[in-house]
Amino acid sequence: MRIKSFEAANMTEAMQLVRQQLGGDAVILSNYTLNGKVFLTAGVDETQDFDFNKDNQIQPIDVKAHFNETALRDALEYHDVLEAVREKILANCREVGRNNPGMSERQVLEVALDRQYQFLPMLGTESKVKMFMGTPGSGKSTAIAKAATKAKLRGNKSVIVSTDNSKAGANQQLEAFAKILNVDFFFFKEARALYEFIRMPPYEYDYFFIDTPGINPFIDREVEKVAPFSESIKADKVLTMDAGRNVRDALESADIFAGLGATLLMPTRLDLTRRIGGVITVADYCKFSFCGASVSSSIAAGLAQVDSKSLARLILA
Ligand SMILES: Nc1nc2c(ncn2[C@@H]2O[C@H](COP(=O)(O)OP(=O)(O)OP(=O)(O)O)[C@@H](O)[C@H]2O)c(=O)[nH]1
Ligand SMILES: [Mg+2]
């Protein structure tokens, strides 16, 4: 086993270094972003898999004897999961398969995904303040409408807040929706006003759903439209991401939203998507927890829950 740490300007560059120095089989062990730089630790297993027996002696294990890795590898390749993440999932699968020789590929994958990813219900995340961010048209407002509907159905009181003053009529859709749902609606142009509103006690709302302008994360001045709002408050920050985006674009884009504070991932347009490699890769690299998914443009359809079972089903479909 060789382990090496890398420092690079961005994730793409870091991945190039990993490939150059450790080869295509390298697995990412950890990564984080600090002051805009990516720090990443990767490793490569050049011999065999090992397991520790009771006597703490190392014994080689014939991993192929236990389950059919090829089927899982083929599925992950079909979905275009980035190599390093694919290998990490397969390594987890091997270990699960080793410990549970009777398990099917699907069961092995489910357990492996459960180890590798975190899954939270949309309304059950840590903070009652939920801020949605993403590229234009990625489904932020639709997701808010769906979440607010669910909250309403559960008897919770929520408020919808827009901070989107970047395009004409941006708020009309959400405001009209809030009216239909009989939910309070506010619009704040300035981060300061949002901050004052959120911190104003006593909280009479069970949930605050905050919409932000859709931005191109590759343009700094667009990022600056969301940054002050994100920095001004503590919230669960949700990245809505079109599930069908190609994996490398998705990763570079998501990395910037992670820099803006996003820790939760909500894949959208799953109904229009066959290959979810972007989603799987992004969640692993950026250490996002899944918090539901959008599988329809219809608000009545609500948000779908994402867990290891549904993710495994999508991968093996
Ligand atoms: N098929 C499908 N359409 C969706 C889904 N989510 C959103 N849409 C549609 O995608 C379009 C954009 O959705 P919005 O919710 O307005 O996206 P947004 O991120 O708020 O867009 P901006 O505010 O313009 O940045 C709308 O036509 C939605 O109906 C989904 O899961 N599936
Ligand atoms: Mg919107």
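Whatever comes next refers back to the structure up there.
The text that follows walks through the structure, step by step, so that each part is easy to find. None of these values were measured; they are calculated from a predicted model. (Residues numbered from 1 in each chain as written. Chains lettered and ligands numbered in written order. Predicted model: local features only at pLDDT ≥ 70, side-chain atom pairs only at ≥ 80, totals over all residues. Heavy atoms only, no water.)

**Side note on the overall build of the protein chain**
Here is step 1: When you go through the protein chain residue by residue, the secondary structure sums to 11 helices and 12 strands.
Here is step 2: Taken across its 317 residues, the protein chain has 50% of its residues classed as buried.
Here is step 3: Sequence-distant contacts, at least 24 apart, represent 73% of the contacts inside the protein chain between residues at least 6 apart.
Here is step 4: Total accessible area on the protein chain stands at roughly 15500 Å², and carbon and sulfur atoms take up 48% of it. (Helix = DSSP H or I, 4+ residues; strand = E, 2+ residues; numbered from the N terminus. Buried < 20%, exposed > 50% of the residue type's maximum accessible area, 1.4 Å probe, protein only. Contact = heavy atoms within 4.5 Å. Areas by Shrake-Rupley, 256 points an atom, 1.4 Å probe, with all protein chains shown as cover.)

**Describing the sheet that holds strand β6 (residues 129–134)**
Here is step 1: Within the open sheet, the 7 strands sit side by side as β8-β7-β9-β6-β10-β11-β12. Their pairing is parallel. Of all strands in the sheet, those with a lone pairing partner are β8 (184–187) and β12 (289–290), marking the two edges.
Here is step 2: Bridge count between strand β7 (residues 158–162) and strand β9 (residues 207–211): 5 bridges; the pairing is parallel. If you follow Ser162 over to β9, its bridge partner there is Asp211. (Pairing = 2+ DSSP bridges.)

**Topic: the site of ligand 1**
Here is step 1: In the neighbourhood of ligand 1, 17 residues make up the surrounding shell, with Lys140, Thr142, Arg269, Asp271 and Ser294 lying closest.
Here is step 2: With respect to ligand 1, the side chain of Ser141 contributes an N or O atom lying 2.8 Å from an oxygen atom.
Here is step 3: Measuring from an oxygen atom of ligand 1, one finds a side-chain N or O atom of Thr142 at 2.4 Å.
Here is step 4: Compared with its free state, where it exposes 650 Å², ligand 1 has 78% of that area covered by protein.
Here is step 5: Sorting elements by how many residues they give to the shell around ligand 1 places helix α5 (residues 140–153) first, with 3 residues.
Here is step 6: Grouping the constituent residues of the shell around ligand 1 by class yields 3 nonpolar, 10 polar and 4 charged. (Near = heavy atom within 4 Å. Polar contact = N/O pair within 3.5 Å; in protein donor to acceptor, adjacent residues only side chain to side chain. Nonpolar A, V, L, I, M, F, W, Y, C, P; charged D, E, K, R; others polar.)

**Observations concerning empty space enclosed by the protein**
Here is step 1: This structure, assessed with the given rule, holds 4 cavities of 30 Å³ or more.
Here is step 2: For the largest cavity, the calculated volume is near 70 Å³.
Here is step 3: Taken together, Met11, Thr12, Met15, Leu82, Arg248, Leu251 and Glu252 form the lining of the largest cavity.
Here is step 4: When residues of the lining of the largest cavity are traced back to their parent elements, those giving at least two are α1 (11–22) and α9 (247–259).
Here is step 5: Split by residue class, the lining of the largest cavity holds 4 nonpolar, 1 polar and 2 charged.
Here is step 6: Per-domain counts for the lining of the largest cavity show at least three residues from each of domain 1 (2–116) and domain 2 (122–316).
Here is step 7: Empty space within the second largest cavity amounts to approximately 50 Å³.
Here is step 8: Taken together, Gly134, Thr135, Leu239, Thr240, Met241, Asp242, Arg245, Ala250, Ser253, Ala254 and Phe257 make up the full set of residues lining the second largest cavity.
Here is step 9: Looking at the lining of the second largest cavity, its residues break down into 5 nonpolar, 4 polar and 2 charged. (1 Å grid on protein atoms, 1.4 Å probe; cavity = no way out; pocket = protein on both sides within 12 Å on 5 of 7 lines; lining within 4 Å. Points joined across faces, edges and corners; volume = space filled by probe spheres on them. Domains from an automatic or database assignment.)

**So, unusual backbone geometry**
Here is step 1: For Arg269, which is not glycine, the phi dihedral falls at a positive 55 degrees.
Here is step 2: Here Arg269 shows up in the loop between β11 (264–268) and α10 (277–285).
Here is step 3: A relative accessible area of 36% places Arg269 in the partly exposed class.
Here is step 4: Phi at Lys287 takes a positive value of approximately 55 degrees, unusual for a residue other than glycine.
Here is step 5: Note that Lys287 resides in the loop between α10 and β12.
Here is step 6: Residue Lys287 is classed as partly exposed on the basis of its relative accessible area of 48%.

**Thoughts on helix α3 (residues 83–99)**
Spacing of three or four residues puts side chains on the same side of an α-helix, whose turn is 3.6 residues.
Here is step 1: Taking 1.5 Å of rise per residue, 17 residues should cover 24 Å, and α3 covers 24 Å from first to last C-alpha, within 8% of that figure.
Here is step 2: Burial runs high along α3: 13 of the 17 residues are buried. (Expected span 1.5 Å × (residues − 1).)

**Side note on the environment of Gly102**
Here is step 1: Relative to the assigned elements, Gly102 resides in the loop between α3 and α4 (105–116).
Here is step 2: Here the alpha-carbon distance between Gly102 and Phe67, two residues 35 residues apart in the chain, equals 8.5 Å.

**Overview of the packing of aromatic side chains**
Here is step 1: Following the criterion strictly, the structure yields 9 aromatic pairs and no others.
Here is step 2: Plain terms: the ring middles of Phe119 and Phe290 are 5.5 Å apart, the flat faces sit at 10 degrees to each other, and that makes the pair stacked. Taken together, the positions of Phe119 in the loop between α4 and β6 and Phe290 in strand β12 put the pair 171 residues apart, joining distant regions of the chain. By the burial criterion, Phe119 is buried, and Phe290 matches it.
Here is step 3: Relative to Phe197, the ring of Phe186 lies with its centre 4.9 Å away and its plane at 45 degrees, an arrangement referred to as tilted. On the criterion of sequence distance, the pair formed by Phe186 in strand β8 and Phe197 in helix α7 (residues 191–199) is long-range, its members being 11 residues apart.
Here is step 4: For Phe186, a relative accessible area of 31% gives the class partly exposed. (Phe/Tyr/Trp six-rings, centres within 6.5 Å; stacked < 30°, edge-to-face > 60°.)

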